[in-house]
Amino acid sequence: MQNENLVQISFFNQLMLVHPRKKQNERSEASVQVSEYFVNAEGTGDKVNLSDLLGTVEKTSGASNKTKKQLRNLQSSKETLELPLNKQQTEKIQRGIAYEKTTAEVSCWKNIILQNQKAEQMVFPLNQESSGPKRVEQVVAGWKVQTPLEQEIFRLLHGSRQPVNDPVLTPVEEQSLKAMSLEEAKIRRAELQKARALQSYYEAKAKREKKIKSKKYHKVQNKAKRKDFLKQFDEMVKTNPEGALEELKKMELSRMEERMSLKHQNSGKWAKSKAIMAKYDDSARKAMQEQLQMNKDLTQKMVVPSDDEHESIEEGLETVPDFVNDPETVIDPVNPWMRGQLTHEEPERRTRKRKSLENLKGRGKPASEVVEEDVVEVSDKEEEEDEEEDVSEFNTLFRLMRSEKTPGEEDEEGLLSEGQIRVRSIEDLEVLDEVVEPRAIEEPSAPQTAAAEATSEPPHKKKREINLKEVLTKEAKAVRLPFLPTVVDEEERDEQISIIKEAFAGDDVISDFIKDKSRQEAAGRPAVVDLTLPGWGEWGGVGLKPPRWKRKRFRIKTAPPPPRQDQKLPDVIISEKRTASVASHQVSQLPFPFQNTAQFESSIRTPIGSTWNTQTVVKNMTKPKVVTKLGAIIEPMVKEDFIKSKTTSAGDLVFLSNCPEKINFIIFFCCKP
Amino acid sequence: MKVKVLCRNPDDYVRETTRDIQRVPRNYDPTLHPFEVPREYTRALNATKLERVFAKPFVASLDGHRDGISCITKHAKSLSTIISGACDGEVKVWNLPRQECLRTVQAHEGFVRGICSRFCGTSFFTVGDDKTIKQWNWEAPGYGVREEPINTILGKAVFTGIDHHQREGTFVTCGQTVDIWDEQRSSPIRSFSWGVDSFSCVRYNPVETELLASCASDRSVVLYDTRESAPLRKVLPFMTNEITLCFSLYTYDIRHLDVPVTVHMDHVSAVLDVDYSPTGREFVSASFDKTIRIFPKDKGHSREVYHTKRMQHVICVRWSADNKYVLSGSDEMNIRLWKANASEKLGLLSAREKAATHYNKKLIEKFQHHPQVRRIARHRHLPGDILKQKRELREMREARRRKEQNVRKHSKPGSVPLLTEKEKHVVAVVE
């Protein structure tokens, strides 16, 4: 230990000997560069030359000859380096680069600023977390399982596919949600409803049919069934060949049975009796023929028809739903519920009843009886028909509802573009341009019809009003309007006409009106100002006219005024004079953002008050642009919240006419007193 | 048997509370409510009149200082607290709702040149004419304990302004140079200078937190980035020969400093201070002409002018952090509290009141171009001398314009270019 210390001390002494400590530089006056720790490097004042450093290289053996040579060359060369740029210029360059960088950085706010300027409403403070209770999922989202027990429970929950956090739906529920939207569900429900209705109807029908004892009826039924079956079979050949084969086998079997039996071969008791009658009775003969035909049919071998033949048959036989033939009479185009048959089926039903009555007659019952017992008598058949009707009605309604849904989607555009602008007249429509809807035109038709009623009314009110048509001899412009049927006593009318004619014998209101209008039009037209001075520059005197050139030059014509508003309205005079009392309230110049008067007028015309609009619309329209919360500190935007990644580059700088809100600096002229 | 009955939802006709008005089903058929435009116009006119009637912006005056107010700052976290510094070196902490002084500190000898609050709201900094920067605790010391700053930094020259970074522990001062300081160190971590001019004001950008701007005494504005070693750019607004006419404010886009985006003119004397509203849509300016004005950020003229008989030259102005009030400090030792919207009703509003105010505002906006509405809405009362000065200025401007026109008329076409108001106002951008 002591030895070690001794060695160290001696080493230290040696060092001291080699580099005897220099005197510490002391600060005598305030210098610009004051080191914080009073540490001065040794030999601060001395200058070190390159040759001093390189001298040692020559002596060291490790350095290669090549580098030594290079260094020697370097030492001997006399070329000097260029002077660095002066301080001002370097600083300027530095500033330029820094400015570019900052500019690029700042312009990444561009989108946010634009967005905020365009925003309909800004709510300050921005980015505020909603106060009040949070949803459970949000609270739970940050939570993680820690203890083994929790993990166990978690695993169990996952195993049972129970939702743990955010989506609080089981996978099954999610699937079901995905599977069907509300619209689809509604449609499906309607379909199911329809199917159920049809099923119950068919069941009821079958039950009824079973009870019927009439042989004839069943015969007809069987025949229909057979036909049906054939049709079905044809279809089956196409769609389900295996099933068809099975059916074919069955048919073959039945054919064999038919061939074995004597059923339709005019050999039975009935046939024999008919054969006796056949000589005299036509119907009996026919019946026998039919039976034979039946036999023939049944024993015939099945031939599978070729494709095109089949098609043509199918076309003919294709079942057409009954509603196809129903005429779609539109009573009220506005109300879709009126399009079904329910309301106007009365005549049809009557005809059907009549038919059934005829049928009954055919059965041999006296007509009078039937008429008397009308309600009670209505046969099963008719009931059935009624029911059928009901179903068909159901079909039609259903179909209507379906069909209405599809155009509804097309209409959606119209619904969305529904503006605040209220259409009242044709001028409004012209302003609207693109929002022209047929229904909009219907509106004014209501007052028109009212007017028509008013005009058609006078004959009832005898003495009060004057019927212009009857009084005036001149023909007025015909207006075609739906008149209500009026019933007027002819004599009274004549009398009235004569009275009125007498009273207004001298008046010609219409011609007066036309004169008045033309006078006003003439007054509005610009007059030609005649500035010719007769005798100026030529001979003057009585009877001398100014020459043509003079008239041409000194008669000043002003441009015609814009067309009058009542130009195309023969029965109206619109005064276009400006009234002084109103003028003080009117806007004299088109205000800045608007481009034409129509725009401005439409903006004024749209009412925003609750007198004209529903509550929600008013709320939306009167929304303030900036909303601040009482007593909440509005912090400046934090860059990290709004700008996720730096995407903008210096290349796409665009000048913003209305400029950033917080990027700008305000500069003010400052001269303190 | 199925019985179908008409059923009504009671929500449609029963009111929610007994204090609510009865719900009346309305028919919105336009034929039943004719003359919508004239009726709304009347309402708009009435709303405008009422707005002017209720325009009483002055809320309170805080007195207690014994010299002119030189600077005001807001507490970073509390709306109800402000601090003000006076020309005698006194700093006062105020409670606004109670309108009383909470604490008085003799902070400096001579003027208090600048105050700024730390972003966390625990302390504030003051600079004064005695070449010191002092950091003070927001909390008042206990009874009998002397008021002493947490930290004092002795500088080499007078500091004229100070501002604190939005989120970090650094602040900036200006004087001979613009210095950036770390709170932990006694010497600036960086200092910028450009030429030999001294600086009168320095401010951080609240959003781009590394950007600074300062006003120099050669009427230039210099931009800085704290991350760079050199200042960014210098702008010299308004021409020297026009200096008598320039009592305007200029909004610049940092990226295009050659032309101001907007020139805001209305003051008739020098503008001494300016502050943005926290929403960034408007700003308020204090002027030597004894008025404060509120300008929309993109409009050339003010929307509001506040003045009182006793208010002298307004030295400093601040917009409160909730966007509802404006504070102004003036020469005659008073701090005044104003409403930012003169006719706004303070306090909580019921839903119907709110709806009515919104509707009225919208109506005024809708009919703002109608002469009667505009006339009423724009009318402001101004003291006689300011009005006189305004007229004088207008006359001078008019004369200048006329002269320019005449020069243009009598010189070669194209040699005297037509300049817009904005273009007139920049002399040079120094890179």
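All of these numbers come straight from a predicted model, not from anything done at the bench.

Thresholds, definitions, all that
- Residues numbered from 1 in each chain as written.
- Chains lettered and ligands numbered in written order.
- Predicted model: local features only at pLDDT ≥ 70, side-chain atom pairs only at ≥ 80, totals over all residues.
- Heavy atoms only, no water.
- Contact = heavy atoms within 4.5 Å.
- Buried area = accessible area lost by both parts, 1.4 Å probe.
- Salt bridge = Lys/Arg side-chain N within 4 Å of Asp/Glu carboxyl O.
- Polar contact = N/O pair within 3.5 Å; in protein donor to acceptor, adjacent residues only side chain to side chain.
- Helix = DSSP H or I, 4+ residues; strand = E, 2+ residues; numbered from the N terminus.
- Nonpolar A, V, L, I, M, F, W, Y, C, P; charged D, E, K, R; others polar.
- Core = buried A, V, L, I, M, F, W, Y, C linked by side-chain atoms within 4.5 Å.
- Buried < 20%, exposed > 50% of the residue type's maximum accessible area, 1.4 Å probe, protein only.
- UniProt positions renumbered as here; feature names shortened; annotations may be inferred.
- Pairing = 2+ DSSP bridges.
- Axes fitted to C-alpha atoms, helices over the stretch in contact; angles between N-to-C directions.

## Quick notes on the interface of chain B and chain A
Each partner contributes residues to the interface: chain B has 87 residues there, and chain A has 74 residues. A buried area of about 7600 Å², summed over both sides, lies between chain B and chain A, and 63% of it is on carbon and sulfur atoms. In terms of surface lost to chain A, no three residues of chain B exceed V207, R255 and R281 of chain B, which account for 10% of the buried area on that side. Our enumeration of links across chain B and chain A arrives at four salt bridges. Between K77 of chain B and E635 of chain A there is a salt bridge, with the nearest N and O atoms lying 3.6 Å from each other. Across the chain B-chain A interface, the total number found is 20 residue pairs in polar contact (both at pLDDT 80 or more). Element by element, the count of residues in the side of chain B that touches chain A is highest for helix 1 (residues 36-53) of chain B, at seven residues. Looking at the side of chain B that touches chain A, its residues break down into 44 nonpolar, 20 polar and 23 charged.

## Considering the environment of S320 of chain B
Residue and element names in this part refer to chain B. Summarising the element assignment, S320 is placed in the loop between strand 24 (314-319) and strand 25 (325-330). Linking S320 and D275, residues 45 residues apart in sequence, is a C-alpha distance of 9.7 Å. What S320 contacts, discounting residues up to four positions off in sequence, is K74, P278 and Y325. A distance of 2.5 Å separates a polar atom in the side chain of S320 from a polar atom in the side chain of D322.

## Observations regarding the nonpolar core
Counting residues in each nonpolar core, the largest one holds 15 residues, and the members touching the most others are L211, L223, L232, Y250, Y252 and L257 of chain B. Going through the elements one at a time, helix 4 (87-106) of chain A together with strand 15 (211-216), strand 18 (248-252) and strand 19 (262-265) of chain B are the ones with two or more residues in this core. Beyond its immediate stretch of four places on either side in the chain, L211 of chain B contacts T102 and V106 of chain A together with R203, Y204, N205, Y224, D225, L232 and I254 of chain B. Listed in part, the 14 residues of the second largest apolar core include A55, A286, I294 and V317 of chain B.

## Observations regarding the UniProt feature "repeat: WD" (unreviewed entry) in chain B
Taken from the UniProt record, the annotation "repeat: WD" (unreviewed entry) applies to residues 62-104, 264-295 and 307-348 of chain B. Between the first and last C-alpha atoms of residues 264-295 of chain B the distance is 7 Å; the span itself is 0% helix and 56% strand.

## Brief notes about the pairing of strand 26 (residues 334-339) of chain B
Residues and elements named next belong to chain B. Of all six residues in strand 26, six are buried; the element is thus mostly enclosed. Because side chains alternate across strand 26, one face comprises the buried residues N334, R336 and W338, and the other comprises I335, L337 and K339, equally buried. Summarising the sheet, strand 1 (residues 58-63) and strand 26 pair through five bridges and their orientation is antiparallel. Within the sheet, the bridge partner assigned to L62 lies in strand 26 and is I335. Sheet topology places strand 25 next to strand 26; five bridges connect them, and they run antiparallel. The residue of strand 26 that forms the bridge with S328 is R336. Where strand 25 hands over to strand 26, the hairpin turn is made up of three residues, of which M333 adopts a positive phi near 70 degrees.

## Overview of the sheet that holds strand 4 (residues 90-95) of chain B
Residue and element names in this part refer to chain B. The four strands are arranged 2-3-4-5 in an open sheet whose pairing can be described as antiparallel. Each end of this open sheet is capped by a strand with a single partner; those strands are strand 2 (69-74) and strand 5 (100-106). Averaged over all adjacent pairs, the angle separating strand axes in this sheet is 20 degrees, with direction ignored. Of the pairings in the sheet, the one linking strand 4 to strand 5 comprises six bridges and is antiparallel in character. From the neighbouring strand, E90 faces strand 5, where its bridge partner is Q106.

## Describing the pattern of salt bridges
The tally for this structure, following the rule as stated, stands at 40 salt bridges over all chains. One salt bridge in this structure joins D516 of chain A and R519 of chain A, with 3.2 Å as the shortest N-O distance. In this pair, D516 of chain A and R519 of chain A both sit in helix 23 (residues 509-524), three residues apart, roughly one turn of the helix. The residue E332 of chain B makes a salt bridge to R336 of chain B at a minimum N-O spacing of 2.7 Å. Note on E332 of chain B: relative accessible area 17%, which makes it buried. Given a relative accessible area of 5%, R336 of chain B falls into the buried group. Salt bridges here are not isolated pairs; linked through shared partners, they connect E105 and K639 of chain A together with E208, D225 and R227 of chain B.

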